[in-house]
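# Fold and geometry: a report
Here are the chains, one letter per residue:
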Amino acid sequence: MPRREDGSICYSGTHYRDTWVAMESLVDKGLVKAIGLSNFNARQTDDIISMARHKPVVNQVDVASSEAKINTYKLSLIIVNCNSGLLGY
């Protein structure tokens, strides 16, 4: 992560929507087959879906078992209703 001389994190001024548009151009050029999200919340995901020409194929979310207890029944409903897949649990 880029840091300033004082050690604070130097964040980019680029909005994630602009990054998404740039990634869509990679799909258009055939340089990548699919693009996705990582650790986006529901609002951010809806924001991308509403403007995307190429919909995200995944939203990778890291949840440590010590941080959250996942109800497997609710998780299965999310997977079925969202046409998603679970890669690890």
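Residues numbered from 1 in each chain as written. Predicted model: local features only at pLDDT ≥ 70, side-chain atom pairs only at ≥ 80, totals over all residues. Heavy atoms only, no water.

All right, on to unusual backbone geometry then. For Asn39, which is not glycine, the phi torsion reads 60° and is therefore positive. With respect to the helices and strands, Asn39 occurs in the loop between β1 (37-38) and α2 (42-51). Here Asn39 falls in the partly exposed class, since its relative accessible area comes to 47%. (Helix = DSSP H or I, 4+ residues; strand = E, 2+ residues; numbered from the N terminus. Buried < 20%, exposed > 50% of the residue type's maximum accessible area, 1.4 Å probe, protein only.)

On to the nonpolar core, then. The nonpolar side chains of soluble globular proteins are, as a tendency, buried together. If you look at the biggest cluster of nonpolar residues, it comprises eight residues: Tyr16, Trp20, Val27, Ile35, Leu37, Phe40, Ile48 and Ala52. Take this core: its biggest share by element is three residues, from helix α1 (residues 16-28). When sequence neighbours within four positions are dropped, the list of residues in contact with Leu37 reads Trp20, Thr45, Ile48, Pro56, Val58, Asn59 and Gln60. (Core = buried A, V, L, I, M, F, W, Y, C linked by side-chain atoms within 4.5 Å. Contact = heavy atoms within 4.5 Å.)

This brings us to the packing of α1 against α2. With their axes 11 Å apart at the nearest point, α1 and α2 run at an angle of 45° to one another. As far as their axial angle goes, α2 and α1 are oblique. Here α1 runs over α2; the crossing is right-handed. Contacts between α1 and α2 pair Tyr16, Arg17, Trp20 and Val21 from the former with Arg43, Gln44, Asp47, Ile48 and Met51 from the latter. (Axes fitted to C-alpha atoms, helices over the stretch in contact; angles between N-to-C directions. Parallel < 35°, antiparallel > 145°, perpendicular 65-115°, else oblique. Left-handed = near helix turned anticlockwise from the far one by under 90°.)

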